[in-house]
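What follows is the residue order along each chain.
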Amino acid sequence: MTQTFLAFSLGAAGLLLAASQTHAAPQCGTRALVLGQLTEKYGETLHGMGLANNNSVMEVYASPTSGSWTITVTLPDGRMCLVASGQGYKASASEMPAKGQKV
């Protein structure tokens, strides 16, 4: 996964986490419980990760078979929270153009 995608994902995850905390509490649980649900129920595996603000770890899980995806944030206290999820996941090997470069 490219650094550009990770940077974009971190920013998006941060915005989504902030929005979810403002309007509704995110769904959180122990890391083992959340990972168990993602892998066993949805067949998702880790596809990318990065360090977010306040030493939280953002991770992207997805299932190439079903197309489901989930973005999680693991907090410093060990809780893992669901930030966003959806369908239609597609891995991309192409990089986004750098700031100032034309597409």
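Read on for an overview of the structure. Residues take numbers from 1 onward in each chain, read along the sequence in its written order. Whole-chain, interface and lining totals are the exception, using all residues; otherwise, since this is a predicted model, local features are given only for residues with pLDDT of at least 70 and side-chain atom pairs are given and counted only at 80 or more. No hydrogens and no water enter the side-chain calculation; it runs on all heavy atoms of the structure.

## Points about the overall build of the protein chain
The test is simple: Secondary structure elements are defined from DSSP: runs of H or I of at least 4 residues count as helices, runs of E of at least 2 residues count as strands, and each element is numbered from the N terminus. Each residue's exposure class comes from its accessible area (1.4 Å probe, protein chains only) as a fraction of the maximum for that residue type: buried when under 20%, exposed when over 50%, partly exposed otherwise. Any two residues having at least one pair of non-hydrogen atoms within 4.5 Å are treated as being in contact.
Counting its regular elements, the protein chain contains two helices and five strands. Going from the N terminus to the C terminus, the protein chain shows its helices and strands as α-β-α-β-β-β-β. Across the 103 residues in the protein chain, those meeting the buried criterion constitute 31%. Taking the intrachain contacts of the protein chain between residues at least 6 apart in sequence as the baseline, contacts between residues at least 24 apart amount to 36%.

## Side note on the pairing of strand β5 (residues 79-86)
Where we set the bar: In short, DSSP must find at least two bridges between two strands for them to pair.
By the bridge criterion, four bridges tie strand β1 (residues 27-30) to β5 in an arrangement that is antiparallel. Paired with glycine 29 across the two strands is methionine 80, which belongs to β5. Alignment of strand β4 (residues 69-74) against β5, held across six bridges, turns out to be antiparallel. Across the sheet, residue tryptophan 69 finds its bridge partner in β5, namely glycine 86. Hairpin connection, β4 to β5: the antiparallel pair is bridged by four residues, and glycine 78 has positive phi, about 100°.

## Examining helix α2 (residues 31-41)
Among all positions in α2, only Val34, Gly36 and Leu38 are buried. The elements touched by buried residues of α2 are β1, β3 (57-62), β4 and β5. Count one or two residues on from α2 and you reach glycine 43, which has phi positive near 65°.

## Quick look at the sheet that holds β1
Put simply, the test is: Note on geometry: axes are lines fitted to C-alpha atoms, helical ones only across the stretch in contact, with angles between N-to-C directions running from 0 to 180 degrees.
The sheet built from five strands is open, its strands ordered β1-β5-β4-β3-β2 with antiparallel pairing. Edge positions in the sheet fall to β1 and β2 (45-51), since each has one partner strand and no second. Strand-to-strand twist across the sheet, computed as the mean angle between neighbouring axes with direction ignored, equals 25°. Each of β1, β3, β4 and β5 touches α2; the most contacted strand, β1, lies at about 110° to it.

## Points about the nonpolar core
To be explicit about the condition: Side-chain atoms within 4.5 Å are what join buried Ala, Val, Leu, Ile, Met, Phe, Trp, Tyr and Cys residues into a set we call a nonpolar core.
Core analysis: the largest hydrophobic core is formed by seven residues, namely Met58, Val60, Ile71, Val73, Leu75, Cys81 and Val83. For this core, the secondary-structure elements that each account for two or more residues are β3, β4 and β5.

## Some points on the pairing of β3
Along any regular strand, the residues point their side chains to alternate faces of the sheet. Among the six residues that make up β3, five are buried, leaving the element largely enclosed by the rest of the structure. Examined bridge by bridge, β2 and β3 share six bridges and lie antiparallel to one another. Within the sheet, the bridge partner assigned to threonine 45 lies in β3 and is alanine 62. In textbook terms, the turn of a hairpin is the stretch between consecutive antiparallel strands, and for β2 and β3 this stretch comprises five residues, one of which, asparagine 54, has a positive phi near 55°. Sheet topology note: the β3/β4 ladder contains six bridges and is antiparallel.

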